[in-house]
Amino acid sequence: MGTISFHRELPKPSTSSSSPPPSSTSSTSQTETVNGSHQFKISGYSLSKGMGWGKYIASETFMVGGYEWAIYFYPDGKSAEDNASYVSLFIALASEGTDVRALFELTLLDQSGKDHHKVHSHFGRTLESGPYALRYRGSMWGYKRFFKRTLLETSDYLKDDCLSISCCVGVVKSHTEGPKIYSIVVPPSGLGQHFGRLLESGKGADVRFEVHGEIFNAHKLVLAARSPVFRAQLFGPLKDRNTQCIRVEDMEAPVFKTLLHFIYWDALPDLEELVGSTSKWASTLLAQHLLAAADCYALERLKLLCEAKLCEGVAINTVATTLALAEQHNCLHLKAVCLKFVALPENLKAVMQTDGFEYLKKSCPSVLTELLQYVARIGEYSVIACGYQKETLLDGCDVNGRRVKPRLQ
């Protein structure tokens, strides 16, 4: 190997008494809103009347700016003093947060096609005291006298016994930007695509799996690298004697195929396309089986992806079996979503009539105790929300006297 030599002396520090020019830097603080909206349709409005003041119909929670929100509609009003003459409408912070600053817009949609919507908004105007701050979970902004009920029931806002409400939330966020030193576009990793094509080609495959009569070729090293269970099965001291063809007994072929797809591609395929149906029930069933398989082979990321899919697809006819699955495989977030869904008064009776609920009672009886706690908590939350009236916005006004005037759009 050759040597490297320097033919010049390294530069010596300057002995000049002159100081270098002062450096100049800059930064910018940017404050803006992260916006999101939610459409809330209330069907069967006439049946909701008579609930009593302070009783509400709540939308599903939705995420904006890192916080959960919910719309609360009070058919008989929020206050006893109005004697059910007005309907009330509020937007509430539904997750933990302290001094969450936000702008709001509540819109009752005109369903006649004339676009004469009833709008109460912070957006598009200067607020003298700035955005509204919600101090804790359960804090609300809205109107206890949102609309006189007799006028609402003869208006174009009510059609086929349905109301349609739109809510826009803009959460205030601030960040500081410094000067960018470089800007190089780095393409995303193609590792998953490379391994996925390897699976599709079958080149170099050295292990086969038989699943209900179907054969799947794979590569031992890839499986072992991705799953500690496969690693023990293929290379551990108690490995299967016949590693050339391994029979999988407790899994359906489509589920195992999807499992291999994830191991190689590091992504889920389109489940509806895989089952050949646009039915949510079919894709939910596959996601349930896939979650159990992911837990069996210790594929934690796949397990979380399945949890997310099942959270998105919670429905009356599948929620009980999903809840049992969440309990059996220690999926805490999915379990909480299912319990919350089942505990809602409008869902509970229908869920209890499904075959899945019978399976839940037999396989996970302890979950029923937790379900009762959720049902009780929903009742308590209604009472707590009424206790916050002194610090919530009533008729578009907060404790500092700030008002938001309604406008017709």
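Here, every reference points to the structure presented above.
Residues numbered from 1 in each chain as written. Predicted model: local features only at pLDDT ≥ 70, side-chain atom pairs only at ≥ 80, totals over all residues. Heavy atoms only, no water.

**Q** Help me understand the packing of helix α6 (residues 253-265) against helix α8 (residues 280-296), please; the structure alone is not making it clear to me.
**A** Two numbers describe a pair of packed helices, the interaxial angle and the distance between the axes. The interhelical angle for the contact between α6 and α8, taken along N-to-C directions, is 60°, at an axis separation of 10 Å. Relative to α8, α6 is oriented oblique. Along this stretch, α6 crosses α8, giving a crossing that reads as right-handed. Mapping the contact onto sequence places Val255, Thr258 and Leu259 in α6 and Leu286, His289, Leu290, Ala293 and Ala294 in α8. (Axes fitted to C-alpha atoms, helices over the stretch in contact; angles between N-to-C directions. Helix = DSSP H or I, 4+ residues; strand = E, 2+ residues; numbered from the N terminus. Parallel < 35°, antiparallel > 145°, perpendicular 65-115°, else oblique. Left-handed = near helix turned anticlockwise from the far one by under 90°. Contact = heavy atoms within 4.5 Å.)

**Q** When you look at the layout of surface pockets in this model, what are you seeing that I'm missing?
**A** To find leftover empty space, one rolls a probe the size of a water molecule over the atoms. Approximately 1,700 Å³ is the volume found for the largest pocket. Together, 42 residues line the largest pocket, and Ser59, Glu60, Thr61, Lys340 and Leu344 are the ones closest to its centre. Sort the elements by how many residues they give to the lining of the largest pocket and helix α14 (residues 366-387) lands first, with seven residues. When its residues are assigned to classes, the lining of the largest pocket shows 24 nonpolar, nine polar and nine charged. By volume, the second largest pocket amounts to about 230 Å³. Along the walls of the second largest pocket sit Asp270, Leu271, Glu272, Lys280, Ser283, Thr284, Ala287, Lys309, Leu310, Glu312 and Gly313, which together make up its complete lining. Broken down by secondary-structure element, the contributors of at least two residues to the lining of the second largest pocket are α7 (271-275), α8 and α9 (300-312). Looking at the lining of the second largest pocket, the element that brings in the most residues is α8, giving four residues. (1 Å grid on protein atoms, 1.4 Å probe; cavity = no way out; pocket = protein on both sides within 12 Å on 5 of 7 lines; lining within 4 Å. Points joined across faces, edges and corners; volume = space filled by probe spheres on them. Nonpolar A, V, L, I, M, F, W, Y, C, P; charged D, E, K, R; others polar.)

**Q** How should I be thinking about the nonpolar core in this particular structure?
**A** Generally speaking, nonpolar side chains in soluble globular proteins are found buried as a group. By size, the foremost hydrophobic cluster in this structure holds 55 residues, and its most contacted members are Phe209, Leu223, Phe256, Leu259 and Leu302. A total of eight residues in this core trace back to one element, the largest contributor, which is α6. When neighbours within four sequence positions are excluded, Phe209 is seen to be in contact with Glu214, Ile215, Phe216, Ala218, Leu223, Phe230, Ile246, Val248 and Phe256. Val87, Leu108, Trp141 and Tyr143 belong to the second largest nonpolar core, which has 31 residues in total. (Core = buried A, V, L, I, M, F, W, Y, C linked by side-chain atoms within 4.5 Å. Buried < 20%, exposed > 50% of the residue type's maximum accessible area, 1.4 Å probe, protein only.)

**Q** Can you walk me through the environment of Phe216 in this structure?
**A** With respect to the helices and strands, Phe216 occurs in strand β12 (residues 214-218). Counting along the chain gives 41 residues from Phe216 to Lys257, while the straight-line C-alpha distance between them is 7.6 Å. Setting aside anything within four residues of it in sequence, one finds Phe216 in contact with Val207, Arg208, Phe209, Val211, Ala253, Phe256, Lys257 and Leu260.

**Q** Which parts of the structure should I look at to understand the sheet that holds β12?
**A** Strands pair in a sheet through their backbones, by hydrogen bonds, and they do so in one of two ways: parallel or antiparallel. Pairing is mixed across the open sheet formed by three strands, whose spatial order is β12-β11-β13. Two strands bound the open sheet, and with one partner strand each, they are β12 and β13 (245-248). Adjacent strand axes in the sheet meet at a mean angle of 25° when their direction is disregarded. Along the sheet, α6 contacts β11 (207-211), β12 and β13; its crossing angle with β12, the most-contacted strand, is approximately 10°. (Pairing = 2+ DSSP bridges.)

**Q** Hey, could you run me through unusual backbone geometry in this one?
**A** One can expect most non-glycine residues to show negative phi and most peptide bonds to be in trans. In the Ramachandran plot, Asp266 falls in the positive-phi region, its phi being about 60° despite a non-glycine side chain. Residue placement: Asp266 occurs in the loop between α6 and α7. A positive phi angle is found at Asn330, which is not glycine, with a value near 60°.

**Q** Sorry, what's going on with the packing of aromatic side chains here?
**A** One pass over the structure, following the stated rule, counts 13 aromatic pairs. A ring pair is formed by Tyr56 and Tyr72, whose centres lie 4.5 Å apart and whose planes are at 70°; its orientation type is edge-to-face. Of this pair, Tyr56 sits in the loop between α1 (45-48) and β2 (57-58) while Tyr72 sits in strand β4 (residues 67-74), and the two are 16 residues apart along the sequence. Here the two residues Tyr56 and Tyr72 agree in accessibility, since each one is buried. Between Trp141 and Tyr143, the aromatic rings sit 5.5 Å apart at their centres with planes inclined by 80°, giving edge-to-face as the arrangement. Take Trp141 and Tyr143: they sit in the same class, and that class is buried. Sitting over the ring of Phe90, Lys78 keeps its end group 5.3 Å from the ring centre. Stacked on the ring of Tyr86, the Lys or Arg Lys148 has its end atom at 5.0 Å from the ring centre. (Phe/Tyr/Trp six-rings, centres within 6.5 Å; stacked < 30°, edge-to-face > 60°. Lys NZ or Arg CZ within 6 Å of the ring centre and 35° of its normal.)

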